[in-house]
Amino acid sequence: MTKITFAVVGTGIVGERIIKQLMENNNADIVVLFDENRQRLTEMADTYNLRVASSYEEVLSLKPNWVYIGTPPVSHASLSELAIQAGLNVLCEKPLAHDEIDGEIMAQVAEKSQCQTAMHFPLMYSPSARHMLELVNKGTVGDIVRVELSTYFPHWPRLWQQNPWIGSREQGGFTREVFPHYFQLMYRMFGNISIHEHKTIYPGDQLLSETSVLAIGETENQIPVLLNGLTGIGQQEELSYTVYGTEGVLKLRNWSELSVALKDSPFEILTSFDSVKNLVEECISSARGEEALLVPFSEGLVIQRLIDELLT
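So, a few notes on the structure that sits alongside this text. (Residues numbered from 1 in each chain as written. Predicted model: local features only at pLDDT ≥ 70, side-chain atom pairs only at ≥ 80, totals over all residues. Heavy atoms only, no water.)

Our focus in this paragraph is the side chain of aspartate 308. Here aspartate 308 lies in helix H10 (residues 297–311). No salt bridge is formed by the buried aspartate 308; the nearest opposite charge belongs to arginine 176, separated by 5.7 Å. From its side chain, aspartate 308 meets the backbone nitrogen of glutamate 100 in a polar contact 2.6 Å long. The contact partners of aspartate 308, leaving out residues within four places of it in the chain, are Asp99 and Glu100. (Helix = DSSP H or I, 4+ residues; strand = E, 2+ residues; numbered from the N terminus. Buried < 20%, exposed > 50% of the residue type's maximum accessible area, 1.4 Å probe, protein only. Lys, Arg positive; Asp, Glu negative; His and termini not counted. Salt bridge = Lys/Arg side-chain N within 4 Å of Asp/Glu carboxyl O. Polar contact = N/O pair within 3.5 Å; in protein donor to acceptor, adjacent residues only side chain to side chain. Contact = heavy atoms within 4.5 Å.)

Printed below as a string of structure tokens:
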């Protein structure tokens, strides 16, 4: 069977993860890499023995089945629009864009085309997160009475993710980088989320991203939602997404640890999950005209609107 071809645009830390995932799949073929950081581009090309492009136009001329865009958010809209206009499917990093205005452009361009769009939301392809979604849908913990997201960071940017934009007010911050993963999972579980009140705190330096976010809202079925993010504190990084039900509570901790507590019982960590297709496998299925689970730009726009609201 013919391999599905990918171009990787943006070879930072997350871009390199995508390269590795693609190379692990025998049905995927990376035809080219491109990054405006020539030093990093050369390093990745040499490490993985891959071809490099001298321009984005060269990338598009190769007509890959998918263009992965892992560049800073401010460039997502322009790069995606050019790829879609060239008739190419686009896999984009989250957040969808720099802001809602750019996100709307991306969603509209995608809607008017025959191209497939997808976003890199790893939780959607995590066995534990998918199991959590299934348990909520089955009513295992009863009627849902509250949803909470808590994210605590001793450092922002995180020590492993140092780059020029990740800590900037213009493009970075944990509200753009971490919250969207959980917003997308919330959306699949409960539909649209509305924010009623929020308080976002910024440092004195106008160039730096937020240090604290507190927000309350609700789902479209009026389930209360509490959002809590804080950085620059004296503890280890701790992330938890918790769904409270009348018969039990589900908690997804630090991305992948799923636990459940039933009424009058302690939390028990779950370890047995059904296997699920990863993002690369789903993109390959989509390119072959098969049924696939992808997060399209239209869904990314829903998430983008929440981000923008919290950052105002």
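Relative to the helices and strands, phenylalanine 6 is located in strand S1 (residues 4–9). Overall, the relative accessible area of 2% leaves phenylalanine 6 in the buried class. Spatially, the C-alpha atom of phenylalanine 6 lies 22 Å from that of leucine 123, the residues being 117 residues apart in sequence.

Turning next to the environment of glycine 70. Within the element layout of this structure, glycine 70 appears in the loop between strand S3 (66–69) and helix H4 (76–85). Residue glycine 70 is classed as partly exposed on the basis of its relative accessible area, which comes to 21%. Beyond its immediate sequence surroundings of up to four residues, glycine 70 is in contact with Val9, Gly10 and Glu93.

Within this structure, the stated rule accounts for seven aromatic pairs. Where phenylalanine 179 meets phenylalanine 183, the ring centres are 5.6 Å apart and the plane angle is 70°; that geometry is what we call edge-to-face. You can see phenylalanine 179 and its partner phenylalanine 183 sitting in helix H8 (residues 179–190), four residues apart, about one turn around the helix. When sorted by exposure, phenylalanine 179 lands in the same class as phenylalanine 183, which is buried. Three or more aromatic residues link up through ring pairs in this structure, and these residues are Phe153, Trp156, Phe174, Phe179 and Phe183. Between lysine 251 and the ring centre of phenylalanine 267, over which it is positioned, the NZ or CZ distance is 4.9 Å. (Phe/Tyr/Trp six-rings, centres within 6.5 Å; stacked < 30°, edge-to-face > 60°. Lys NZ or Arg CZ within 6 Å of the ring centre and 35° of its normal.)

On to the layout of surface pockets. As a volume, the largest pocket reaches approximately 1,300 Å³. It is helix H1 (residues 13–23) that contributes the most residues to the lining of the largest pocket, five residues altogether. A breakdown of the residues in the lining of the largest pocket according to their chemical character gives 21 nonpolar, 16 polar and 10 charged. (1 Å grid on protein atoms, 1.4 Å probe; cavity = no way out; pocket = protein on both sides within 12 Å on 5 of 7 lines; lining within 4 Å. Points joined across faces, edges and corners; volume = space filled by probe spheres on them. Nonpolar A, V, L, I, M, F, W, Y, C, P; charged D, E, K, R; others polar.)

With that settled, consider the sheet that holds strand S12 (residues 257–262). Reading across from one edge, S7-S8-S9-S6-S10-S11-S12-S13 is the order of the eight strands in this open sheet, with mixed pairing throughout. The open sheet has two edge strands with one neighbour each: strand S7 (193–201) and strand S13 (268–269). Bridge count between strand S8 (residues 212–219) and strand S9 (residues 224–231): seven bridges; the pairing is antiparallel. The partner of glycine 217 across the bridge, within S9, is valine 225. Against the sheet, helix H6 (residues 127–138) engages strand S10 (238–245), strand S11 (248–253) and S12, with an angle of about 160° to S11. The sheet strands contacting H10 are S7, S8 and S9, and the helix crosses S7 at an angle near 35°. (Pairing = 2+ DSSP bridges. Axes fitted to C-alpha atoms, helices over the stretch in contact; angles between N-to-C directions.)

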